[in-house]
Amino acid sequence: MLPLYQYINGKANEKKAFFTELSFKYISEIKAVLAAKNLSDTIIQPYGSMMNNFMVDDEEADLDICIVPQTISIEEFAPLLEDLEKALVNKGLAILERRHSNERYALLKMKDRASNTTVDMTVHTMLPIYNTKLIRLYSLYDQRFHIIGIYFKHWVKMNKIGGAP
């Protein structure tokens, strides 16, 4: 069982270094746009497998970024999405999809043109950040959780039952 875990977990550290650099590039740009709009107190946090220790080598990984404005609502933030889009396109992203759901959160799906990496940006939802931190803490507390989690993730992928739907 352990050899399969080691194989699946493979070069995750190399991949994590790449995603850390990529996230720094885009988070810096997001911070600059928001600072110009006097929204420096906004939380900008990467989340998902890059942050919770569950990135695996065989995965077609993406970069997930959550933006949580502290002083304005999602309705007030919506016009700023256009400014963010323009800035991120200038930094090398192509917009794939825009989605506003129930006026509670927004999703912007993009692709980094240089690396062909998908970048998902959500606005105004803290749940992914909390879930990421919880899973990371469990995996740091007991390596068995991490091993089982990696196997489960691999099993879900092999059976094509993953994803939001």
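Our structure is the block above this text.
Residues numbered from 1 in each chain as written. Predicted model: local features only at pLDDT ≥ 70, side-chain atom pairs only at ≥ 80, totals over all residues. Heavy atoms only, no water.

Draft legend 1. Just the overall build of the chain, in detail. Helix and strand counts for the chain come out as six helices and five strands. For the chain, the N- to C-terminal ordering of α and β elements is α-α-β-α-β-α-β-β-β-α-α. A separation threshold of at least 6 residues defines the contact pool for the chain, and within that pool the share at least 24 residues apart is 63%. Accessible surface, the chain as shown: approximately 9,900 Å² in total, 56% of it carbon and sulfur. (Helix = DSSP H or I, 4+ residues; strand = E, 2+ residues; numbered from the N terminus. Contact = heavy atoms within 4.5 Å. Areas by Shrake-Rupley, 256 points an atom, 1.4 Å probe, with all protein chains shown as cover.)

Draft legend 2. Representation of unusual backbone geometry. The backbone phi angle of Asn53 is positive, close to 80°, even though this residue is not glycine. Tracing the backbone through its elements, the reader meets Asn53 in the loop between helix 3 (49-52) and strand 2 (63-68). Given the relative accessible area of 29%, Asn53 is considered partly exposed. Positioned with a positive phi, Lys160 is a non-glycine residue whose angle comes to about 50°. Along the chain, the position of Lys160 falls in the segment after helix 6 (143-158). Judged by relative accessible area, which is 74%, Lys160 ranks as exposed. (Buried < 20%, exposed > 50% of the residue type's maximum accessible area, 1.4 Å probe, protein only.)

Draft legend 3. Examining the packing of helix 5 (residues 127-141) against helix 6 more closely. Where helix 5 contacts helix 6, the two axes come as close as 4 Å, and the packing angle between them is 120°. Between helix 5 and helix 6, the angle is such that the two are oblique. Across from Ile135, Tyr138, Ser139 and Tyr141 in helix 5, the residues of helix 6 making contact are Gln143, Phe145 and His146. Residue composition of the contact of helix 5 with helix 6, grouped by class: four nonpolar, three polar and no charged. (Axes fitted to C-alpha atoms, helices over the stretch in contact; angles between N-to-C directions. Parallel < 35°, antiparallel > 145°, perpendicular 65-115°, else oblique. Nonpolar A, V, L, I, M, F, W, Y, C, P; charged D, E, K, R; others polar.)

Draft legend 4. How the structure looks around the side chain of Asn52. Within the fold, Asn52 resides in helix 3. Relative accessible area serves as the criterion here: at 7%, Asn52 is assigned to the buried category. Of note is the side chain of Asn52, whose polar atom sits 3.0 Å from the backbone nitrogen of Phe54. Setting aside residues no more than four positions away along its own chain, Asn52 makes contact with Thr132, Ile135, Arg136 and Ser139. (Polar contact = N/O pair within 3.5 Å; in protein donor to acceptor, adjacent residues only side chain to side chain.)

Draft legend 5. Summary view of helix 4 (residues 74-90). With 17 residues, helix 4 should cover 24 Å at 1.5 Å per step; its first-to-last C-alpha distance of 24 Å lies within 8% of that length. Roughly 35° is the biggest bend found in helix 4, and it falls at Leu80. Looking at helix 4, one finds that the buried residues are Ile74, Phe77, Leu80, Leu81, Leu84, Glu85, Ala87 and Leu88. Once helix 4 ends, the next one or two residues include Gly92, with phi positive near 120°. (Expected span 1.5 Å × (residues − 1). Bend = angle between axes of the 7 residues up to and from the residue.)

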